[in-house]
Amino acid sequence: MTYAITQTCCSDATCVAVCPVNCIHPTPDEPDFGRTEMLYVDPATCIDCGACADACPVDAIFPVDSLFGARKEYAAVNSAYYADRAPQRAAAPNFHAWGEPSFPRSLPSDFAPIRVAVVGTGPAGMYAAEDLLLNTGAEVTLIDRLPVAGGLVRYGVAPDHPATKGVGETFARFHSHPRVRMHLGVEVGKDVTVEEIAAHHDAVIYAVGASTDRRLGIPGEDLPGSLAATSFVAWYNAHPEAVPAGAGLDAERVVVTGNGNVALDVARILVADPAALARTDISDRALAALRDSRVREVVLLGRRGPEDIAATVSELLALTHLPDVALVVDTHDPRTAEAIDAAAPGDKAALLRRLPRETVDWSEPPPEGRRIVLRFHSAPVEVVGRDSADGDSASRVGGVRVSGADGESVVPAGLFLRAIGYRGVPVPGLPFDEATGTVPHEGGRVAGRAGTYVVGWIKRGPSGGIGANRTCAAETVGTLLEDAVAGALPSPAHPARAFGKLARRRGRQVVDARGLAAIDRAEQARGRALGRPRVKFDTVPALVAAARGGLRRSPR
């Protein structure tokens, strides 16, 4: 029986590397790699060895005969990818013909170990660190402005996607690597400068992501109750810098503009059963607010039609299987139904064909139960305020004025979330392209700064999931090593341990690998008491206290 890749695929191609019969595509050597939403197993050539399932860092691969519920559809999803492609059949019964051996990390025998700082401990930074540690003798310094590692794995993945968070365990094995020094709670531009980091290392890789959101530029966007979906995600994931985002949950309807994966995440969390969320690592504060929430309907606005929906097939499929949550298509615009009916079997719009359709009357309250409404061809043009209890006019969100082919109308709502993309912010001391929200580079090499590199979203913009960072990191590390072999890296001005002393001198909240392990143990212990995988500390002081408590108990 063949295997199939399912919803949580991270596309980092770990499975491709271990497959003995070349049945997983696209591979990193193929043009479609990084362009498809996930990887796919070819049922015609899979030999049921299970090597891919053993290697998968996010538990996304299963035998087809074991799939059930929402996962059952992935047998067809995998097979459909190969419908118009010639089978990649092996040249022999068990093993395909491999190409010429390639050694992309081949270094001179006398290549001396280099010191590399990686700023940012999310997927991009950790893939870069992994590449360096596994393929060279480099010493790696991990730096993060928060006193805990993880980046978007910890603070961006929805709590009801625990398998996706599993990639964090793969990265965690490098936190205590003998050639790694970790300094968490150190902010570039505040505690140390880019020049100081460079002076202590041969090279520096910045993996700082895209930490802010894009704005709409419409009236009322800054009203209380109108905020970025990124802020809402940070709130329910217990980010220590998250702003309170529970206000607005006293209304029955929430409007989200955007229909990408982040929009679907927040919609799903808003209407999820709190009892189910209580079995995840969701923030305690968010869980309490959602238990008291009156929200019964979430409206997802799309500027274009269903043929252009931004969410992936896997996330759309998951949305159609939410227990006790109705999914409805608003057919106020005739183009919506036409596009769904005309969609080819492999198109995302075809997935909406099974859903009920309704021309929603927004003057009426939401019907009984919980539901998500997909409304296409609708652009928000104004966030409308409503009077507060004390009489102040337009003190908070009361609705969203949307524009479409049928004119303008107001959708009443108590909370408005914009999920229209992330955006990078400047790193003090590095060049920055305001138009793209990235640091200018060539193959990861920062223009005009020897020994300085970028990886991840700050390099390529906010596109691609967790696994896309693996190939991105491979390019950057390859460029760095080319420069090292060519003698183009500046030599450090200070000895190896000097940076740790500098970091501790500048800030009293620096956490190392032992402190990070103490935080992990403490959070898991809190979770066990409540039947949850972990209960996160949601403030910087609490994280630092947990780290220090663990250090005091550690043997000297």
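What you see is a predicted model; the values in this text were computed from it and never measured.

Engineer: Hey, could you go over the overall build of the protein chain for me, with residue numbers and the actual values?
Structural biologist: Helices and strands together make up the secondary structure of the protein chain, namely 19 helices and 23 strands. In summary, the protein chain has a C-alpha radius of gyration of 25 Å against a globular reference of 24 Å for 556 residues, a match within 12%. By its C-alpha atoms, the protein chain is 75 × 65 × 50 Å across when sized along the principal axes. Sorting the 556 residues of the protein chain into buried and exposed places 53% on the buried side. Of all intrachain contacts in the protein chain linking residues separated by at least 6 positions in sequence, the fraction that spans at least 24 positions is 75%. About 24300 Å² of surface is accessible on the protein chain, with carbon and sulfur atoms providing 51% of the total. Of the charged side chains in the protein chain, 60 are positive and 66 negative, and the gap between their average positions amounts to 8 Å.

Engineer: I'd like a rundown of the sheet that holds strand β17 (residues 396-404), residues and numbers included.
Structural biologist: Taken together, three strands build an open sheet; the order of strands is β16-β17-β18 and the sheet is antiparallel. What marks the edges here is a single partner per strand, and that holds for β16 (379-386) and β18 (407-412). On average, each strand axis in the sheet is inclined to that of its neighbour by 30°, with strand direction left out of account. Bridge count between β17 and β18: six bridges; the pairing is antiparallel. Bridge assignment links valine 402 to a residue of β18, and that residue is serine 409.

Engineer: Quick rundown of the sheet that holds strand β10 (residues 226-228)? Include the residues and the values.
Structural biologist: Strand order in the open sheet formed by seven strands is β10-β19-β11-β12-β15-β13-β14, and the pairing between neighbours is parallel. What marks the edges here is a single partner per strand, and that holds for β10 and β14 (357-358).

Engineer: Give me the nonpolar core: which residues, what numbers.
Structural biologist: In summary, soluble globular proteins display a tendency toward joint burial of nonpolar side chains. If you look at the biggest cluster of nonpolar residues, it comprises 118 residues, and the most contacted ones within it are Ile24, Ile205, Tyr236 and Ile372. For tyrosine 236, the residues in contact, after removing those within four places along its chain, are Ala158, Pro159, Asp265, Val266, Ile269, Ile282, Ser283 and Ala286. Counting residues in each nonpolar core, the second largest holds 20 residues, with Val186, Ile197, Val427 and Ala503 among its members.

Engineer: Outline unusual backbone geometry, listing residues and values.
Structural biologist: Only a minority of non-glycine residues have a phi that is not negative, and only a minority of peptide bonds are not trans. With an omega of -5°, the peptide bond between histidine 25 and proline 26 qualifies as cis. Within the secondary structure layout, proline 26 lies in the loop between β2 (24-25) and β3 (40-41). Despite not being glycine, serine 11 shows a phi value in the positive range, around 60°. Secondary-structure assignment places serine 11 in the loop between β1 (3-5) and α1 (14-18).

Engineer: Give a detailed account of the environment of asparagine 22, specifying residues and quantitative values.
Structural biologist: Mapped onto the elements of the fold, asparagine 22 is located in the loop between α1 and β2. Its relative accessible area of 23% is what places asparagine 22 among the partly exposed residues. Separated by 20 residues in the primary sequence, asparagine 22 and aspartate 42 place their C-alpha atoms 8.9 Å from one another.

Engineer: Could you give an account of the environment of arginine 386, naming the residues involved and the relevant values?
Structural biologist: Inspection of the secondary structure puts arginine 386 in strand β16. Residue classification places arginine 386 among the partly exposed residues on the basis of a relative accessible area of 31%. Taking the C-alpha atoms as reference points, arginine 386 and proline 412, 26 residues apart in sequence, are found 9.8 Å from one another. There is a polar contact of 3.1 Å between the side chain of arginine 386 and the backbone oxygen of valine 397.

Engineer: Account for the packing of aromatic side chains, naming residues and giving values.
Structural biologist: What the rule picks out here adds up to six aromatic pairs. Relative to tyrosine 81, the ring of tyrosine 40 lies with its centre 4.4 Å away and its plane at 10°, an arrangement referred to as stacked. One end of the pair, tyrosine 40, is in strand β3; the other, tyrosine 81, is in helix α3 (residues 74-81), with 41 residues separating them in the sequence. Ring geometry for phenylalanine 232 versus tryptophan 235: centroids 5.2 Å apart, planes at 45°, classification tilted. Pair noted here: phenylalanine 232 and tryptophan 235 are both in helix α9 (residues 229-236), with a separation of three residues, about one helical turn. Grouping aromatic residues by their ring pairs yields a cluster made of Tyr40, Tyr81 and Tyr82.

Engineer: Explain the packing of α9 against helix α10 (residues 261-271) to me, using residue names and the numbers behind them.
Structural biologist: Relative placement of two packed helices is described by the angle separating their axes and the distance separating the axes. Taken N-terminus to C-terminus, the directions of α9 and α10 make an angle of 50°; their axes are 10 Å apart at the nearest point. Considering their axes alone, α9 and α10 lie oblique with respect to each other. The crossing of α9 and α10 is left-handed. Two secondary-structure elements touch here, α9 through Ala229, Phe232, Val233 and Tyr236 and α10 through Val262, Asp265, Val266, Ile269 and Leu270. For the contact of α9 with α10, the class distribution of residues is eight nonpolar, no polar and one charged.

Engineer: Kindly report on the confidence of the model for the protein chain, identifying the contributing residues and their values.
Structural biologist: With 94% of its residues at a pLDDT of 70 or more, the protein chain has an overall mean of 90. Note on residues 552-556: pLDDT under 50 across the span, and two contacts to partners over four residues away in sequence or across chains.

Engineer: Describe the state of the cysteines, naming the residues involved and giving the relevant values.
Structural biologist: The bond known as a disulfide is covalent and runs between the sulfur atoms of two cysteines. In the structure shown here, the tally under the stated rule is zero disulfides. Unpaired in terms of disulfides, cysteine 46 finds its nearest cysteine sulfur in cysteine 23, a separation of 4.5 Å. With no disulfide partner, cysteine 56 has as its closest neighbouring cysteine sulfur the one in cysteine 10, 6.0 Å distant.

Engineer: Just give me the short version of the pairing of strand β11 (residues 253-257), but keep the residues and values in it.
Structural biologist: The element β11 is largely enclosed, with a buried count of five among its five residues. Across the two faces of β11 the burial is the same, with Arg253, Val255 and Thr257 and Val254 and Val256 all buried. Pairing geometry for β11 and strand β12 (residues 297-301), over five bridges, is parallel. Among the inter-strand pairings, valine 256 is bridged to a residue of β12, identified as leucine 300.

Calculation rules
- Residues numbered from 1 in each chain as written.
- Predicted model: local features only at pLDDT ≥ 70, side-chain atom pairs only at ≥ 80, totals over all residues.
- Heavy atoms only, no water.
- Helix = DSSP H or I, 4+ residues; strand = E, 2+ residues; numbered from the N terminus.
- Rg over C-alpha atoms; globule rule 2.2 N^0.38 Å.
- Buried < 20%, exposed > 50% of the residue type's maximum accessible area, 1.4 Å probe, protein only.
- Contact = heavy atoms within 4.5 Å.
- Areas by Shrake-Rupley, 256 points an atom, 1.4 Å probe, with all protein chains shown as cover.
- Lys, Arg positive; Asp, Glu negative; His and termini not counted.
- Charge placed at Lys NZ, Arg CZ, Asp CG, Glu CD.
- Pairing = 2+ DSSP bridges.
- Axes fitted to C-alpha atoms, helices over the stretch in contact; angles between N-to-C directions.
- Core = buried A, V, L, I, M, F, W, Y, C linked by side-chain atoms within 4.5 Å.
- Polar contact = N/O pair within 3.5 Å; in protein donor to acceptor, adjacent residues only side chain to side chain.
- Phe/Tyr/Trp six-rings, centres within 6.5 Å; stacked < 30°, edge-to-face > 60°.
- Parallel < 35°, antiparallel > 145°, perpendicular 65-115°, else oblique.
- Left-handed = near helix turned anticlockwise from the far one by under 90°.
- Nonpolar A, V, L, I, M, F, W, Y, C, P; charged D, E, K, R; others polar.
- pLDDT = per-residue confidence, 0-100.
- Disulfide = S-S within 2.5 Å.

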